[in-house]
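Residue-level structure breakdown
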Amino acid sequence: MSTHHVVAIDGPAASGKSSVSRKVAEKLGYAFVSSGLMYRAFTWVVCEVGLDPEADPDAVVALLDKTKIEASRRDNELFLLVNGSDPGDALTSDYVNGNVSKVAKIPDVRKALVKQQRACAEATDIVMEGRDIGSVVFPDTPYKFYLDASEVVRARRRAAQGLGDEIAERDRLDSTRKVSPLKVADGATKIDTSDLTLPQVVEALLGQLSEQGVTPSST
Ligand code: CDP
Ligand code: CDP
């Protein structure tokens, strides 16, 4: 296992994971990694090929071998190239939003992407956010958080971002799948962000990390 620090942040859609993780990573000088982007990137390939992940999961798994997802670090964030191309806005397209949870529930897809996620901590300290980071990807890290917010607040946040994203359906699929479902990892600090501003959530995380000995100066 890596000797680098890993801050694991999980939670449902629009709970604030990526905004909070990006800020916490910036404050600590760690690299920010969105594991969801990896699932989105592969789902984009599935889309380009025209596969239905529910009807033909075996073809989706076969596509893994033909897909090269390269991760590089840019301005302290992970940047993905998929088969040599930058997927750009396609990662938040309606197709990807509507299919990513169906692709992400396929066990062999998770196996391949979890391997890539673990590799991210080989070179540097990271803040990684997703659904199973504290429970499966880095179960041994002592720095685990679970962000939540009411369904109403989360739907409002997504709408405010101008994204037509059926988050309730994604959350249902993510929480009920057999392999690595969304759940509060053992030892995670749970924070309800419904009535908190982004800076307040960041402050809460940094306060907890500081109590555990993780501070910007200690890195
Ligand atoms: O990554 P995740 O889907 O969990 O959420 P996000 O993309 O970080 O946050 C969704 C939206 O909610 C963003 O526009 C955030 O700025 C906003 N947000 C907020 O208003 N208050 C919070 N406490 C957390 C996030
Ligand atoms: O930003 P938002 O919370 O809406 O989603 P995301 O973090 O970009 O993740 C997109 C989808 O990828 C999730 O709805 C899950 O189906 C899947 N995912 C996963 O299964 N495991 C992870 N560690 C991260 C994402």
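Structure first, text after, so check above.
Everything in this summary refers to the structure shown in the same document. (Residues numbered from 1 in each chain as written. Chains lettered and ligands numbered in written order. Predicted model: local features only at pLDDT ≥ 70, side-chain atom pairs only at ≥ 80, totals over all residues. Heavy atoms only, no water.)

Attention now moves to the environment of Gly36. As for its placement among the helices and strands, Gly36 is situated in helix H2 (residues 35–49). For Gly36, a relative accessible area of 25% puts it in the partly exposed group. Spatially, the C-alpha atom of Gly36 lies 16 Å from that of Val179, the residues being 143 residues apart in sequence. (Helix = DSSP H or I, 4+ residues; strand = E, 2+ residues; numbered from the N terminus. Buried < 20%, exposed > 50% of the residue type's maximum accessible area, 1.4 Å probe, protein only.)

This part takes up the site of ligand 2. As a structural note, the neighbourhood of ligand 2 is formed by 18 residues, with Arg40, Arg110, Arg158, Arg170 and Asp174 the closest of them. Arg131 is positioned such that a nitrogen or oxygen atom in its side chain is 3.0 Å from an oxygen atom of ligand 2. Between Asp132 and ligand 2, the recorded distance is 2.8 Å, taken from a side-chain N or O atom to a nitrogen atom. Those elements giving two or more residues to the shell around ligand 2 turn out to be H2, helix H4 (94–104) and helix H8 (167–176). Of the residues forming the shell around ligand 2, the biggest block, four residues, is contributed by H2. Its residues placed into classes, the shell around ligand 2 shows five nonpolar, four polar and nine charged. (Near = heavy atom within 4 Å. Polar contact = N/O pair within 3.5 Å; in protein donor to acceptor, adjacent residues only side chain to side chain. Nonpolar A, V, L, I, M, F, W, Y, C, P; charged D, E, K, R; others polar.)

Under the counting rule described, the total for this entry stands at zero aromatic pairs. One Lys or Arg, Arg74, reaches over the ring of Phe79 and ends 3.7 Å from the middle of that ring. (Phe/Tyr/Trp six-rings, centres within 6.5 Å; stacked < 30°, edge-to-face > 60°. Lys NZ or Arg CZ within 6 Å of the ring centre and 35° of its normal.)

Let us now look at the pairing of strand S3 (residues 69–74). Where S3 lies against strand S4 (residues 77–82), six bridges are found, and the strand directions are antiparallel. Within S4, the position partnered with Arg73 by the bridge is Leu78. As consecutive antiparallel partners, S3 and S4 are separated by two residues, and within that stretch Asp75 has a phi angle of approximately 50°, a positive value. (Pairing = 2+ DSSP bridges.)

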